[in-house]
Amino acid sequence: MKTTFDIAVLPGDGIGPEIMPQALAVLQAAACHAGVDLRCESFPWGAEHFLRQGEFMPTDGLATLRDFDAILFSAAGHPEVSDERASWEFVFQIRKQFRQYANLRPVRSYPGVPTPLRGNPAFDMLIVRENSEGEYAGPGGVLHREWENGVAIQTTVLTRAGVERIARHAFELARGRRRHVTNVTKSNAILHTMRFWDAIVEDVARDYPDVTTDLLLVDAATMKFVQAPGVFDVIVTTNMYGDILSDLGGALAGSVGLSSSANLDPTGGFPSMYEPVHGSAPDIAGQGIANPCGLILSAALMLRDLGQGEAADRIEAAVAAALAQGVHTRDLGGRASTAEMGAAVLQHIG
């Protein structure tokens with residue numbers, strides 16, 4: 001089994017350079033326990049790099065990243081750079097060119113962390129978001145922008161191959177969990193793309209008779225997230241719906257600062273990228289109060305996909321233990337600093 005891995009580290013912007021050292025310390029400690037050698041190389045790319053150099057990453061940036069086993073990324077964004085440019089010229093370039101079509105976003109509750117839900121119900125779900133097509137595919141345009149007859153068109157793009165591969169990935173993951181998949185859609189109103197999606201998911205489900213499945217409209221899903229989040233196991237959904245639901249899930253868990261994600265090329269042809277769901281949070285950057293747990297848990301997802309499940313389990317247990325002890329950053333209602341939160345997790349690595 002491979003035990004040496006090359007990791008590209010992208011600290012990014014805003015709070016990124018503050019939370020990345022905490023995540024790397026925890027990551028290296030867990031890897032050491034497992035006898036794994038992680039060779040990490042950092043690259044200062046992102047929106048702040050754009051302000052300095054006129055580019056988000058060098059022209060050969062993708063070629064450079066291509067040679068790594070995985071990418072650990074914090075966030076991109078700066079008040080002086082539009083979010084659109086940071087997304088389409090940097091983050092989306094990596095996701096799309098490296099065919100990272102599966103976006104995994106775990107949503108779970110933690111003992112000791114209050115949620116906005118009555119009774120603090122326990123839940124543990126996995127949102128499997130299609131990451132390359134759908135509502136964020138990009139085709140469209142605006143005509144007669146400044147005139148009374150102005151019109152804007154944004155085209156949703158779904159392919160049979162794209163829907164089938166994300167559906168199969170969701171069902172495979174469900175087999176390792178509680179064997180239930182919820183297809184979240186809006187086919188009662190969006191007649192073409194969503195019905196196409198539903199039909200393909202239904203076809204794939206027939207190949208997994210050991211996994212139960214149901215269909216839930218996205219508006220009903222948002223209500224169920226609040227009323228009974230514990231009923232969900234694996235959710236498979238489109239690019240936009242997965243984006244929205246995972247942010248709602250972060251709020252239900254107590255803070256989006258706890259939310260991790262993985263952008264995967266499940267074929268292994270390209271490196272996958274792991275990042276927290278939150279952004280660069282420029283409003284709190286430099287204050288030492290950001291929550292590093294989302295990035296730390298993203299590092300655990302990375303280890304698991306690299307075949308290091310024991311090390312991943314160790315990190316996830318350490319985060320849960322630190323939170324249960326009451327070590328909380330301000331987004332969780334506590335007073336711990338970024339460094340104190342990281343140190344508490346590191347202490348539980350053993």
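The structure we're discussing is the one just above.
All figures in this text were calculated on a predicted structure; none of them were measured in a lab.

(A) Region of interest: helix H6 (residues 193-205). Under the 1.5 Å per step criterion, the end-to-end length of H6 is 18 Å for 13 residues, consistent within 8% with the ideal 18 Å. Taken as a whole, H6 has its buried residues at Met194, Trp197, Asp198, Ile200, Val201, Val204 and Ala205. On the buried face of H6, the contacting elements are strand E5 (124-130), helix H5 (160-175), strand E8 (180-185), strand E9 (212-217), strand E10 (234-237) and helix H8 (239-253).

(B) Structural view of the sheet that holds E8. With mixed pairing, the ten strands of this open sheet are ordered in space as E2-E1-E3-E12-E11-E4-E5-E10-E8-E9. Edge positions in the sheet fall to strand E2 (37-42) and E9, since each of these pairs with one other strand and no more. Neighbouring strand axes in the sheet, compared pairwise and without regard to direction, differ in orientation by 25 degrees on average. Of the strand pairs in this sheet, strand E1 (residues 4-10) and E2 are connected by six bridges, and their pairing is parallel. Within the sheet, the bridge partner assigned to Ile7 lies in E2 and is Cys40. Contacts between H8 and the sheet are confined to strand E4 (102-108), E5, E8 and E10, with E5 contributing the most and set at about 155 degrees to the helix.

(C) Representation of the side chain of Ser246 in the model. With respect to the helices and strands, Ser246 occurs in helix H8. Within polar-contact distance, the side chain of Ser246 engages the backbone oxygen of Asp243 at 3.0 Å. Contact partners of Ser246, with chain neighbours within four places excluded, come to Arg105 and Ile127.

(D) Structural context of the environment of Ala170. By the secondary structure assignment, Ala170 is in helix H5. In this structure, the C-alpha to C-alpha distance between Ala170 and Thr237, residues 67 residues apart in sequence, is 9.5 Å. Ignoring anything within four residues of it in the chain, the contact list for Ala170 reads Val128, Val181, Val234 and Val236.

(E) Representation of the packing of aromatic side chains in the model. Taken as a whole and judged by the stated rule, the model has nine aromatic pairs. Consider the rings of Trp88 and Phe92, whose centres lie 5.0 Å apart with planes at 80 degrees: the pair is edge-to-face. A residue pair is termed a helical-turn pair when its members lie 3 or 4 positions apart in one helix, as Trp88 and Phe92 do in helix H4 (residues 83-97) at four residues. Of the residues examined, Trp88 reaches a relative accessible area of 35% and is grouped as partly exposed. Through a chain of ring-to-ring contacts, the aromatic side chains of Phe50, Phe56, Phe73 and Phe90 assemble into a single cluster.

(F) Geometry of a nonpolar patch on the surface. Residues Leu143, Val151 and Ile153 make up a contiguous nonpolar surface patch of roughly 260 Å² in combined accessible area. Of note, Leu143 is situated in strand E6 (residues 140-143). Among the residues examined, Leu143 registers a relative accessible area of 51% and is labelled exposed.

(G) Broad picture of the packing of H5 against H6. Running from N to C, H5 and H6 cross one another at 45 degrees; their axes reach a closest spacing of 9 Å. Considered as vectors, H5 and H6 are oriented oblique to each other. Judged by the twist between their axes, the crossing of H5 over H6 is right-handed. Across from Arg160, Val163, Glu164, Ile166, Ala167, Arg168 and Phe171 in H5, the residues of H6 making contact are Phe196, Trp197, Ile200, Val201, Asp203, Val204 and Ala205. Classifying every residue of the contact of H5 with H6 by side-chain character gives ten nonpolar, no polar and four charged.

(H) A look at the nonpolar core. Counting 85 residues, the largest nonpolar core has Ile7, Leu72, Ile315 and Val319 as its most contacted members. Take this core: its biggest share by element is nine residues, from helix H9 (residues 293-305). For Val319, the residues in contact, after removing those within four places along its chain, are Tyr110, Cys293, Ile296, Leu297 and Val345.

Cut-offs and rules
- Residues numbered from 1 in each chain as written.
- Predicted model: local features only at pLDDT ≥ 70, side-chain atom pairs only at ≥ 80, totals over all residues.
- Heavy atoms only, no water.
- Helix = DSSP H or I, 4+ residues; strand = E, 2+ residues; numbered from the N terminus.
- Expected span 1.5 Å × (residues − 1).
- Buried < 20%, exposed > 50% of the residue type's maximum accessible area, 1.4 Å probe, protein only.
- Contact = heavy atoms within 4.5 Å.
- Pairing = 2+ DSSP bridges.
- Axes fitted to C-alpha atoms, helices over the stretch in contact; angles between N-to-C directions.
- Polar contact = N/O pair within 3.5 Å; in protein donor to acceptor, adjacent residues only side chain to side chain.
- Phe/Tyr/Trp six-rings, centres within 6.5 Å; stacked < 30°, edge-to-face > 60°.
- Patch = residues over 30% accessible without salt bridge, like charges linked within 9 Å, V, L, I, M, F, W, Y side chains within 5 Å.
- Areas by Shrake-Rupley, 256 points an atom, 1.4 Å probe, with all protein chains shown as cover.
- Salt bridge = Lys/Arg side-chain N within 4 Å of Asp/Glu carboxyl O.
- Parallel < 35°, antiparallel > 145°, perpendicular 65-115°, else oblique.
- Left-handed = near helix turned anticlockwise from the far one by under 90°.
- Nonpolar A, V, L, I, M, F, W, Y, C, P; charged D, E, K, R; others polar.
- Core = buried A, V, L, I, M, F, W, Y, C linked by side-chain atoms within 4.5 Å.

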